[in-house]
Amino acid sequence: MSTRHHLVAGSALALALAATAGCNPPGSSKATQGDASVASQSYVAPGAKDEYYLFYSGGHSGQVYVAGLPSMRHISTIPVFAPYPATGYGFDEESKAMMGRFTWGDVHHPGLSQTGGKYDGRWLFVNDNANNRIARVDLRDFKTRQILGPIPNSSGNHGSSFVTENSEYVLVATRFSVPLPKGRYADPANYQTEFNGMVSGIRVDPKTGEMSVGWQVLTPPFNWDLGSTGKGPSSGWAFWTSYNSEMAHETLEATSTQGERDYAAIVNWRAAEQAVKDGKATMMDGVPVIDPAKVPGVLYFLAVPKSPHGIDTDPSGRWIAASGKLQPVTSVFDFEKIQKAIASKTFEGEVRGIPVIKHDAVIEGEVPVGLGPLHTQYDGKGNAYTSLYVESAVAKWSLPPWNDAQKKDLNSIVLDKIPVQFNIGHLVIGGSDTKEPYGKYLVAMNKLSKGRHVSVGPSQPESSQLIDISGKKMQMLYEAYTEPEPHFAQILKADAIAPIEVYPKAENTNPNAVWDASQAGITRSGNKVEVKMVAIRSRFIPDKIEVKAGDEVTIHVTNVEQTTDMIHGLGIIEHDMNVVIDPGETKTAKFVAGKPGVYAFYCTNFCSALHQEMQGYLAVKP
Amino acid sequence: MNARIVSMNRLLDRPLSMPGRLLLLVGVVLLVVGATLPLWRISLVAPQYEEGLTLDMYTYRIAAGNNGQDLAEINTLNHYIGMKPIAEADFLEMKVLPFAIGVFALFGLRAVVVGRVMSLVDLGVSFLYFGAFSLGSFAYRLYSYGHQLSPHAPMKITPFMPVVIGSQQIANFVQTSLPLAGTFCMGAFLVLVCAALWHSVRGAGREVA
């Protein structure tokens with residue numbers, strides 16, 4: 001079919017849609033932009049590769065997902081806080097130990113490690129809102145390497161994971177204030193006096209990425225929300241929004257939304273670090289905690305309208321956009337003015353000994369972006385993009401400096417708006433939180449998809465939409481249905497990293513690794529049976545394990561392959577056991593042999609033409 | 001008849017010409033360099049091995065592609081058809097070849113210094129024989145690998161002869177064997193020996209007459 005025929009067919013379709021649109025009530029936007037000509041812009045042919053990685057959080061699924069951009073294809077799942085039999089995560093002893101006593105987490109905001117204010121492609125940090133943890137994914141092998149937490153004195157790790165310019169810290173803030181130290185009882189009726197929030201600096205070892213709790217700053221029991229770190233002029237600072245500055249403890253929907261403004265926290269994290277060095281902190285649950293009323297210069301408050309959500313520093317580090325989700329404006333603050341106000345003590349009072357920076361002294365302008373503004377991202381070309389939850393749209397606007405005419409009518413700096421389907425939460429532009437954003441694509445992460453796809457029953461997927469932001473006008477390119485539930489994401493240029501594809505034999509330091517059939521074997525001491533096993537196409541060595549009922553069985557299995565993609569799995573029938581071993585890896589499975597009988601074990605990860613024959617028996621004697 | 005033999009002997013006794021000696025010297029250098037370069041590449045390409053599995057044969061070792069991993073991979077694949085694992089230790093040639101090349105280089109150098117046409121003929125002929133024997137031995141080794149298949153192998157395939165030069169399809173693989181730089185250096189050595197010979201004997205007929 002020629003292009004012309006396509007066009008004819010396309011316009012016929014468009015006419016048909018226009019005709020039916022007449023039957024819909026005004027404002028209905030069921031079908032949008034049915035223009036196939038943009039398809040080529042996100043099309044990545046079979047065998048061709050995407051230009052960017054999209055790392056998106058999986059919310060309460062506990063996982064991180066990897067998609068490609070612009071194709072939006074789901075490529076891989078990185079299990080973090082929940083077991084994932086597909087990769088054997090949560091079944092072997094190592095990952096079980098890492099997950100601790102939890103089987104899920106609520107992943108919200110992935111943050112890529114940075115060096116000099118740019119992505120360095122080393123690690124991806126993700127938070128667990130539910131169990132106060134933070135995890136580090138190594139981008140060398142796309143594996144979760146550490147889970148830190150539950151973080152002491154922090155409850156509801158939502159305001160995370162905000163990485164400082166050189167990955168000195170991943171910054172974290174408490175969403176749900178509780179009586180501290182954790183474990184102490186107090187009546188929620190005494191919320192204002194007994195409860196506290198916390199801002200934490202999670203220190204990152206510059207070489208290994210190993211995380212530890214560096215310091216904490218005690219706060220009033222506001223509910224800390226989103227944050228961002230500074231750079232350039234705001235280097236060494238971090239910002240969080242809060243809701244519930246009313247410090248209510250029940251029916252927050254109404255009780256915490258009465259005030260016109262809530263507080264943002266303006267945190268000098270370098271000062272916090274120094275205060276701890278100077279011995280100005282007191283230990284609480286093993287962590288040095290700073291009381292900011294006693295250590296001036298660490299924490300300031302800034303009133304922002306109303307029930308704010310996102311607070312995002314622009315690539316220059318000077319402009320900070322905070323969006324009040326219940327007010328149709330995004331407030332732009334000037335960090336240079338903030339510093340001046342702090343220096344000249346231009347405050348409008350204090351809250352519990354914390355100075356409140358005078359709002360009017362630091363505001364640059366309130367941009368009328370639209371209804372329900374949440375988060376702002378930047379393209380590095382002077383433009384900002386704010387998600388509008390209520391309006392289901394993305395607004396594009398110009399960052400300051402603004403000329404007098406623009407200042408007079410800030411409507412004029414709102415350059416473009418594009419509807420999304422539907423109810424956008426976060427949005428992401430590659431490198432928006434760095435000094436050099438990629439500025440080519442924007443991904444809108446929508447909370448609802450409401451029938452834009454074949455029905456899959458009541459539990460509908462979230463939609464994510466790819467928007468081209470390279471031109472003057474935003475253009476919708478593609479939509480995909482992402483794993484539940486994407487909150488925030490990070491976009492990384494594909495060539496910024498070079499992941500390994502096998503674990504080199506030389507790097508395997510596991511003392512239980514065996515590389516040769518002659519080293520494999522079974523040893524018993526008392527009722528403990530230890531198996532050292534080799535997995536290779538297409539056999540397990542040994543392939544017969546004899547134990548007695550009640551024995552404690554430990555199987556160390558080494559995948560001795562050194563070939564890309566040659567993965568083996570060890571699934572044991574009726575033993576709730578599936579460990580998956582990457583080439584060159586050794587993993588340990590531990591279980592108690594229960595009911596007598598003979599149980600097959602087999603390779604769960606398709607490996608070769610004789611994969612089906614890769615099996616053996618666990619014989620449990622009575 | 002007798003005169004012919006005498007004239008031939010006289011020709012063989014002629015010292016090498018100076019350009020001939022230089023050509024030979026270059027040849028010896030190439031021979032030694034060639035001994036350090038890969039002689040032959042065997043590669044296997046299949047849909048799931050698009051980048052190919054390669055074995056580079058040197059005079060003294062086998063270098064497998066992908067940091068040596070391809071040898072293990074080829075052996076793992078070969079176990080399905082019952083081919084015995086390819087091991088460097090089995091290649092006796094690799095112990096002999098560097099020594100042999102050393103001998104050729106030494107004889108070459110001697111000819112450069114005190115060479116006569118006779119020694120060049122010896123060098124050329126014996127090197128030709130050595131080359132043909134090595135190639136033959138290589139072919140025989142390939143033949144043995146492809147024909148001594150274990151009867152207990154998971155997959156039964158007709159015994160096959162991997163090609164010595166060129167390409168052929170074996171199951172899902174396209175197997176290709178091609179000479180590499182080392183072989184070309186060896187060939188160049190032979191060509192230079194011949195060139196040196198030609199240079200040293202040209203015009204000899206006139207003198208003899």
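If you're wondering where the values come from, they're calculated on a predicted model, not measured in any experiment. (Residues numbered from 1 in each chain as written. Chains lettered and ligands numbered in written order. Predicted model: local features only at pLDDT ≥ 70, side-chain atom pairs only at ≥ 80, totals over all residues. Heavy atoms only, no water.)

Engineer: Please explain the overall build of chain A as it appears in this structure.
Structural biologist: Looking only at helices and strands, chain A has nine helices and 43 strands in total. The principal-axis extent of the C-alpha atoms belonging to chain A is close to 85 × 75 × 45 Å. A buried classification covers 56% of the 622 residues belonging to chain A. Counting only carbon and sulfur atoms, one obtains 54% of the accessible surface of chain A, whose full area is about 25500 Å². Charged side chains of chain A number 57 positive and 64 negative; the gap between the two group centres comes to 2 Å. (Helix = DSSP H or I, 4+ residues; strand = E, 2+ residues; numbered from the N terminus. Buried < 20%, exposed > 50% of the residue type's maximum accessible area, 1.4 Å probe, protein only. Areas by Shrake-Rupley, 256 points an atom, 1.4 Å probe, with all protein chains shown as cover. Lys, Arg positive; Asp, Glu negative; His and termini not counted. Charge placed at Lys NZ, Arg CZ, Asp CG, Glu CD.)

Engineer: Teacher, can you tell me more about the sheet that holds strand β2 (residues 63-69) of chain A here?
Structural biologist: The pairing of strands in a sheet comes from backbone hydrogen bonds and takes either a parallel or an antiparallel form. All names here are of chain A. Spatial strand order, β3-β2-β1-β33: four strands in an open sheet with antiparallel pairing. Of all the strands in the sheet, the pair left with one neighbour each is β3 (74-79) and β33 (489-493). Going from strand to strand, the sheet's axes swing by 20 degrees on average, the running direction of each strand aside. As paired strands, strand β1 (residues 52-57) and β2 are joined by six bridges and run antiparallel to one another. Following the sheet pairing, Y52 is matched in β2 by L69. (Pairing = 2+ DSSP bridges. Axes fitted to C-alpha atoms, helices over the stretch in contact; angles between N-to-C directions.)

Engineer: What should I look at first to understand helix α7 (residues 335-343) of chain A in this one?
Structural biologist: Given 3.6 residues per turn, any residue in an α-helix points the same way as the ones three and four places further on. Residue and element names in this part refer to chain A. What α7 keeps buried is the set F335, I338, A341 and I342. For α7, the angular spread of the buried residues around the axis is 115 degrees, confining them to a single face. Of the residues in α7, the exposed ones pointing more than 90 degrees away from the buried face are K340 and A343. Where α7 begins, the capping side chain belongs to D334, and its oxygen is found 2.9 Å from the backbone nitrogen of E336. After α7 finishes, the residue K345 shows a positive phi value of roughly 50 degrees. (Arc of directions from axis to C-beta. Polar contact = N/O pair within 3.5 Å; in protein donor to acceptor, adjacent residues only side chain to side chain.)

Engineer: Looking at this structure, I do not really get the interface of chain A and chain B. What am I missing?
Structural biologist: A common measure of how large an interface is: the accessible area buried when the components associate. Counting from both sides, the interface comprises seven residues of chain A and, opposite them, eight residues of chain B. Taking both partners together, chain A and chain B bury about 620 Å²; carbon and sulfur atoms supply 50% of that area. For the interface between chain A and chain B, the tally reads one salt bridge. Residue R537(A) pairs with E73(B) through a salt bridge whose shortest N-O separation is 2.7 Å. Our count for the chain A to chain B interface comes out at five residue pairs in polar contact (both at pLDDT 80 or more). Along the lines of polarity and charge, the residues of the side of chain A that touches chain B split into one nonpolar, four polar and two charged. (Contact = heavy atoms within 4.5 Å. Buried area = accessible area lost by both parts, 1.4 Å probe. Salt bridge = Lys/Arg side-chain N within 4 Å of Asp/Glu carboxyl O. Nonpolar A, V, L, I, M, F, W, Y, C, P; charged D, E, K, R; others polar.)

Engineer: What's the story with the packing of aromatic side chains in this structure? I'm lost.
Structural biologist: Describing an aromatic ring pair means giving the distance of the ring centres and the angle of the ring planes. This model, assessed by the stated rule, comprises 31 aromatic pairs over all chains. Their ring planes at 25 degrees and their centres at 5.6 Å tell us that Y53(A) and F55(A) sit as a pair that is stacked. Owing to a relative accessible area of 18%, Y53(A) belongs among the buried residues under this scheme. Its end group placed over the ring of Y438(A), K493(A) keeps NZ or CZ at 5.9 Å from the ring centre. Against the face of Y58(B) rests R61(B), its NZ or CZ located 4.5 Å from the ring centre. (Phe/Tyr/Trp six-rings, centres within 6.5 Å; stacked < 30°, edge-to-face > 60°. Lys NZ or Arg CZ within 6 Å of the ring centre and 35° of its normal.)

Engineer: Can you help me understand the nonpolar core in this one?
Structural biologist: The tendency in soluble globular proteins is for nonpolar side chains to be buried as a group. Judged by nonpolar contacts, the single largest core of 51 residues is most densely connected at L24(B), L31(B), L55(B), M57(B), I86(B) and F127(B). Contributing elements (two or more residues each) for this core: α2 (18-36), β1 (40-46), β2 (49-57), β3 (62-64), α3 (69-81), α4 (93-114), α5 (117-147) and α6 (181-201) of chain B. No other element matches the nine residues that α5(B) contributes to this core. Each residue touching L31(B), except ones within four places of it in the same chain, is listed here: I101(B), F104(B), A105(B), F127(B), M186(B) and F189(B). In terms of nonpolar packing, the next biggest core, distinct from the first, is built from 29 residues, Y169(A), A238(A), A272(A) and V298(A) among them. (Core = buried A, V, L, I, M, F, W, Y, C linked by side-chain atoms within 4.5 Å.)

Engineer: I'm lost on a negative patch on the surface in this one. Help?
Structural biologist: A cluster of like negative charges, contributed by E501(A), D565(A), E50(B) and E51(B), occupies part of the molecular surface. Note that E51(B) resides in strand β2. Since its relative accessible area comes to 67%, E51(B) is described here as exposed. (Patch = residues over 30% accessible without salt bridge, like charges linked within 9 Å, V, L, I, M, F, W, Y side chains within 5 Å.)

Engineer: Can you help me understand the layout of surface pockets in this one?
Structural biologist: Gaps left between atoms show up when a probe the size of a water molecule is rolled over them. Residue and element names in this part refer to chain B. When its volume is computed, the second largest pocket comes out at roughly 1100 Å³. Counting residues per element, the ones that place at least two in the lining of the second largest pocket are β1, β2, α3, α5 and β5 (173-179). With eight residues, α3 is the single largest residue contributor to the lining of the second largest pocket. The residue makeup of the lining of the second largest pocket, split by class, is 26 nonpolar, 10 polar and seven charged. (1 Å grid on protein atoms, 1.4 Å probe; cavity = no way out; pocket = protein on both sides within 12 Å on 5 of 7 lines; lining within 4 Å. Points joined across faces, edges and corners; volume = space filled by probe spheres on them.)

Engineer: I would appreciate a short explanation of empty space enclosed by the protein in the present structure.
Structural biologist: Residue and element names in this part refer to chain A. This model, assessed by the stated rule, comprises one cavity of 30 Å³ or more. As for the largest cavity, its lining consists of 23 residues, of which F162, G227, S228, D312 and D433 are closest to the centre. Elements supplying a minimum of two residues to the lining of the largest cavity: β8 (157-163), β13 (223-229), β19 (308-313), β25 (373-378) and β29 (424-429). Among the residues forming the lining of the largest cavity, the class breakdown is eight nonpolar, 13 polar and two charged.

Engineer: How should the sheet that holds strand β39 (residues 568-572) of chain A be read in this particular structure?
Structural biologist: Residues and elements named next belong to chain A. One open sheet holds the five strands; their spatial order is β37-β43-β42-β39-β40, and the pairing between them is mixed. The open sheet terminates on both sides in strands that have one partner only, identified here as β37 (544-548) and β40 (577-581). Going across the sheet, the axis of each strand differs from the next one's by a mean of 15 degrees, ignoring polarity. Bridge count between β39 and strand β42 (residues 597-602): two bridges; the pairing is antiparallel.

Engineer: Which parts of the structure should I look at to understand the pattern of salt bridges?
Structural biologist: Residue and element names in this part refer to chain A. Scanning the model with the defined rule gives 28 salt bridges over all chains in all. For E51, the salt bridge goes to K440, with nearest N and O atoms at 2.9 Å. Of the two residues, E51 sits in the loop between α2 (39-42) and β1 while K440 sits in the loop between β29 and β30 (441-446), which places them 389 residues apart along the sequence. Given the relative accessible area of 30%, E51 is considered partly exposed. Given a relative accessible area of 30%, K440 falls into the partly exposed group. For R318, the salt bridge is made with E336, and the minimal N-O distance between the two is 3.6 Å.

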